[in-house]
Amino acid sequence: MSDSINYIDNYFTGALSDIEKSDFEKRCAADQSFAKEVAEYISMRDAINEYLKQQKREDLATQHQELSTPSNSTKIIVLKRIAYLAAACILLTIGWFSFLRHSKSQLIAANYISENLNTLGLNMGVSDSLQMGITAYNSKSYTEAERLFNPLTHRPATAPEAIKYLGLTYLADKQYDAALKNFDQLASMSLHINPGLFYKALTLMERSEGTDWQQAKKILQQIIDKKLYGYQQAINWINQF
Amino acid sequence: MVLITEHMILQGIKAGGASRRNYEQKLYDLFFYLIREAEKKYGIQPEEAASVYSDTVLAVIKNIVAEKFEGNSSLKTYCYQIFTNKCVDLLRKRTTNRGKMEDTIPYDSLVYELPDETRSIIQKIIVKDERQQILEKLNEIGDKCKELLLMFEDGYNDKEIAAHMKYNTADVVKTTRLRCLEKLKLKITTITSK
């Protein structure tokens, strides 16, 4: 190995001191043959660098290709994402309409309760205990009303009315499960006019949880089909849904 | 999924070793969107934009390895600046008809490391059309020699090359590397003297 190439390499790899570098540069000017060797060294290093860059460009071009053209797995992922997005949109739309329907049925029920069930009529002919319970209900003393209606539900003479009023008390007090139990019990009774199913539908509409709205709709349709108590109201409500 | 930060890429490239290539690819991925931007902003063809972007990434890698990137700006700004300059250069070359790079000394030539006076002396001697012959002869010096020279040109120092290519010491690498250069020189001289 020649000393020249070692010397030249040392210059370009920064292995020379400032004085040595200066000597190197002076020699380039003074020694034509040495300058030629430096030129050859630079040409070789430049060419190797060019080769390396070309090699790297090719690698990057492959990478570019991969990034520009989505692979099958990428396509599948994209398609999956689109499918998930579409499903989410559908669910959101269903959810939104369901929410609107629920809030609408709640509004209908709340309006009906406020217009018709805030104050119950003090009917003549009902027992004193029932009258006291109704008074308590009208003054929104629901615990008192419950206490008064409860024993009357066990007496055959007062049971249907007491069960109805007790159910309405629970409904007004937002004790929906207890209200539904009473209206179910009322609906199972053999009465000439039975508001049990109508109040059950009303309670489900007011509660509007889970499948309440679907159940209420089914009951309202049943009331319409059989022309039961409240069927005109049921037609009106069904049409609003 | 691990988020790759600019810092991780910088450290990965600087650290060298086998994982450097991996971080170079990540750098390429990171600002890949610049290609699309150049197409829109400068009306450059996609292939040209991709080529300019490749050259940008290669220049950035070289500067990181040579520690010329001092981290005064973010890597994003640095890449963007180089990429923009290269795009403008491309447009300028188009309009001024100066597209023939083959006739000029490469912008990153070693000759630019010489002071002005010495550079002009050496530039006059450099045989410009010799480059193609050297590139061809590079394939004739043996795979190991070629790999060693390419690794050195890629910014790996003799110590790193020794570790990678299983040489005993950095000094052995240096001696081997210079012998490989002489071998290449000999091949070229044989051609030119014919």
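Engineer: Would you explain the side chain of D154 of chain B in this entry?
Structural biologist: Tracing the backbone shows D154 of chain B in the loop between helix 8 (143-153) and helix 9 (158-165). Its relative accessible area of 16% is what places D154 of chain B among the buried residues. Separated by 2.9 Å, the side chains of D154 of chain B and K56 of chain A make a polar contact. Among all residues touching D154 of chain B, those that are not within four sequence positions of it are L52 and K56 of chain A together with R20 and V65 of chain B.

Engineer: How do you make sense of unusual backbone geometry when you look at a structure like this?
Structural biologist: Leave glycine aside and you will find that most residues have negative phi; peptide bonds, for their part, are mostly trans. All names here are of chain B. Unusually for a residue other than glycine, E67 sits at a positive phi of about 60°. Along the polypeptide, E67 turns up in the loop between helix 4 (46-65) and helix 5 (75-96). For K166, which is not glycine, the phi dihedral falls at a positive 60°. Assessed through its relative accessible area of 70%, K166 is described here as exposed.

Engineer: Just checking my understanding: could you explain the packing of aromatic side chains for this structure?
Structural biologist: The relative placement of two aromatic rings is captured by the distance of their centres and the angle of their planes. Residues and elements named next belong to chain A. Applying the stated criterion across every chain yields a total of 22 aromatic pairs over all chains. Judged by centre distance (5.3 Å) and plane angle (70°), the ring pair of Y7 and F24 falls under edge-to-face. On the criterion of sequence distance, the pair formed by Y7 in helix 1 (residues 3-12) and F24 in helix 2 (residues 18-30) is long-range, its members being 17 residues apart. Overall, Y7 belongs to the partly exposed group, its relative accessible area being 22%. In this structure F24 comes out as buried when scored by relative accessible area, which is 0%. Between the aromatic rings of F198 and W237, the centroid separation amounts to 5.3 Å while the plane-to-plane angle is 15°, which identifies the pairing as stacked.

Engineer: In this structure, what is going on with the environment of C180 of chain B? I would like to understand it.
Structural biologist: Residue and element names in this part refer to chain B. Inspection of the secondary structure puts C180 in helix 10 (residues 170-193). A relative accessible area of 2% places C180 in the buried class. Once the C-alpha coordinates of C180 and G142 are considered, the two residues, 38 residues apart in sequence, prove to be 9.0 Å apart. Discounting residues that sit within four places of it in the chain, C180 has contacts with I141, C145 and L149.

Engineer: Explain the interface of chain A and chain B here, please?
Structural biologist: A common way to state how big an interface is: give the accessible area lost once the parts meet. Opposite the 42 residues of chain A that make contact, chain B presents 49 residues. Approximately 4,200 Å² of surface area, both sides summed, lies buried where chain A meets chain B, with 67% of it carried by carbon and sulfur atoms. Three residues stand out in chain A for area buried against chain B, namely M44, I48 and Y51 of chain A, and they jointly supply 15% of the buried area on that side. Taken together, the connections running from chain A to chain B amount to 8 salt bridges. Secondary-structure elements contributing two or more residues to the side of chain A that touches chain B are helix 1, helix 2 and helix 3 (32-68) of chain A. Ranked by residue count, the leading element in the side of chain A that touches chain B is helix 3 of chain A, at 29 residues. A per-class count over the side of chain A that touches chain B returns 19 nonpolar, 11 polar and 12 charged.

Engineer: What is the right way to read the pattern of salt bridges from this model?
Structural biologist: Oppositely charged side chains may form a pair once their charged atoms are brought near each other. Counted by the stated rule, this structure contains 24 salt bridges over all chains. Residue D55 of chain B is joined to R57 of chain A by a salt bridge in which the shortest nitrogen-to-oxygen separation is 2.6 Å. Placement of D55 of chain B in helix 4 and of R57 of chain A in helix 3 is noted, with the two residues assigned to different chains. The salt bridge partner of E24 of chain B is R21 of chain B, with a shortest N-O separation of 3.8 Å. Taken together, the residues E24 of chain B and R21 of chain B, both in helix 2 (residues 20-30) and 3 residues apart, mark about one turn of the helix. On the basis of relative accessibility, which here comes to 31%, the residue R21 of chain B falls in the partly exposed class.

Engineer: I'm lost on the nonpolar core in this one. Help?
Structural biologist: The nonpolar side chains of a soluble globular protein tend to be buried with one another. With 40 residues, the main nonpolar core has L117, L168, L171, L202, L220 and W237 of chain A as its most contacted residues. Elements with a contribution of two residues or more to this core: helix 4 (72-117), helix 5 (128-138), helix 6 (142-152), helix 7 (159-172), helix 8 (176-187), helix 9 (196-207), helix 10 (212-226) and helix 11 (231-240) of chain A. With 7 residues, helix 9 of chain A is the largest single contributor of residues to this core. Ignoring sequence-local partners within four residues, the contact set of W237 of chain A consists of I108, Y112, F198, L202, M205 and L220 of chain A. In this structure, F12 of chain A together with I125, L150 and L178 of chain B belong to the second largest nonpolar core, which totals 37 residues.

The rules behind these values
- Residues numbered from 1 in each chain as written.
- Chains lettered and ligands numbered in written order.
- Predicted model: local features only at pLDDT ≥ 70, side-chain atom pairs only at ≥ 80, totals over all residues.
- Heavy atoms only, no water.
- Helix = DSSP H or I, 4+ residues; strand = E, 2+ residues; numbered from the N terminus.
- Buried < 20%, exposed > 50% of the residue type's maximum accessible area, 1.4 Å probe, protein only.
- Polar contact = N/O pair within 3.5 Å; in protein donor to acceptor, adjacent residues only side chain to side chain.
- Contact = heavy atoms within 4.5 Å.
- Phe/Tyr/Trp six-rings, centres within 6.5 Å; stacked < 30°, edge-to-face > 60°.
- Buried area = accessible area lost by both parts, 1.4 Å probe.
- Salt bridge = Lys/Arg side-chain N within 4 Å of Asp/Glu carboxyl O.
- Nonpolar A, V, L, I, M, F, W, Y, C, P; charged D, E, K, R; others polar.
- Core = buried A, V, L, I, M, F, W, Y, C linked by side-chain atoms within 4.5 Å.

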